[in-house]
Amino acid sequence: AMDGKQARRTGAGSPLGQLFDHGCDACVTICLHAVAVGIFTPGPNNWTVALQMSTQLVFFLSQWNEYTTHVLTIAVGPKG
């Protein structure tokens, strides 16, 4: 969240930078959710797949919402 704010403040923000930032966030989200699934579910089963897919769906929908509205709504309020 702070890297985009800093980029906009210094005038260094760009669509490519935002795409790269969201791509990195997506990769980190997948890794963190995979660790959480590994901790909270005992072995691969249908719940593992459902949990991983649901968390990725929420991430995708929030990014799609930002893409269409140009405002990223997070827990502390709208950004952008």
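Residues numbered from 1 in each chain as written. Predicted model: local features only at pLDDT ≥ 70, side-chain atom pairs only at ≥ 80, totals over all residues. Heavy atoms only, no water.

Some points on the overall build of the protein
Along the protein, the regular secondary structure elements total three helices and two strands. Shown N-terminal to C-terminal, the secondary structure of the protein runs as helices and strands in the order α-α-α-β-β. For the protein, whose C-alpha radius of gyration is 15 Å, the value lies well above the compact-globule estimate of 12 Å for 80 residues. Each of the three principal axes of the protein carries a C-alpha extent, and together these read 45 × 20 × 20 Å. Looking at the protein residue by residue over its 80 residues, the buried ones come to 12%. (Helix = DSSP H or I, 4+ residues; strand = E, 2+ residues; numbered from the N terminus. Rg over C-alpha atoms; globule rule 2.2 N^0.38 Å. Buried < 20%, exposed > 50% of the residue type's maximum accessible area, 1.4 Å probe, protein only.)

A look at the confidence of the model for the protein
The predicted structure's coordinates, where accompanied by low pLDDT, should not be read in detail. On average, residues of the protein score 78 in pLDDT, and 91% of them reach the 70 mark or higher. Within the protein, strand 2 (residues 77–79) has the poorest average pLDDT of any element, 67, and helix 3 (residues 46–69) the best, 82. (pLDDT = per-residue confidence, 0-100.)

Structural notes on helix 2 (residues 15–40)
Look at helix 2: 37 Å from first C-alpha to last across 26 residues, which is about the 38 Å you get at 1.5 Å a residue. Looking at the buried side of helix 2, the elements it contacts are helix 3. (Expected span 1.5 Å × (residues − 1). Contact = heavy atoms within 4.5 Å.)

Observations regarding the packing of aromatic side chains
This model, assessed by the stated rule, comprises two aromatic pairs. With a centroid separation of 6.2 Å and an interplanar angle of 25°, the aromatic rings of Phe-60 and Trp-64 are classed as stacked. Here the residue Phe-60 and the residue Trp-64 both occupy positions in helix 3, the gap between them amounting to four residues, near one helical turn. Judged by centre distance (5.5 Å) and plane angle (35°), the rings of Trp-64 and Tyr-67 are tilted. One end of the pair is Trp-64 and the other is Tyr-67, both in helix 3 and three residues apart, which spans about a single turn. (Phe/Tyr/Trp six-rings, centres within 6.5 Å; stacked < 30°, edge-to-face > 60°.)

Considering unusual backbone geometry
Positive phi is not limited to glycine here, since His-70 has a value of about 65°. As for its position among the elements, His-70 is in the loop between helix 3 and strand 1 (72–74).

Concerning the packing of helix 2 against helix 3
Two elements in contact, helix 2 and helix 3, have axes separated by 10 Å at closest approach and are oriented at 160°. The orientation of helix 2 relative to helix 3 falls into the category roughly antiparallel. Considering the relative orientation of helix 2 and helix 3, their crossing is right-handed. Two secondary-structure elements touch here, helix 2 through Gln-18, His-22, Asp-25, Ala-26, Thr-29, Ile-30, His-33, Ala-34 and Val-37 and helix 3 through Thr-48, Leu-51, Gln-52, Thr-55, Gln-56, Phe-59, Gln-63 and Glu-66. Along the lines of polarity and charge, the residues of the contact of helix 2 with helix 3 split into six nonpolar, nine polar and two charged. (Axes fitted to C-alpha atoms, helices over the stretch in contact; angles between N-to-C directions. Parallel < 35°, antiparallel > 145°, perpendicular 65-115°, else oblique. Left-handed = near helix turned anticlockwise from the far one by under 90°. Nonpolar A, V, L, I, M, F, W, Y, C, P; charged D, E, K, R; others polar.)

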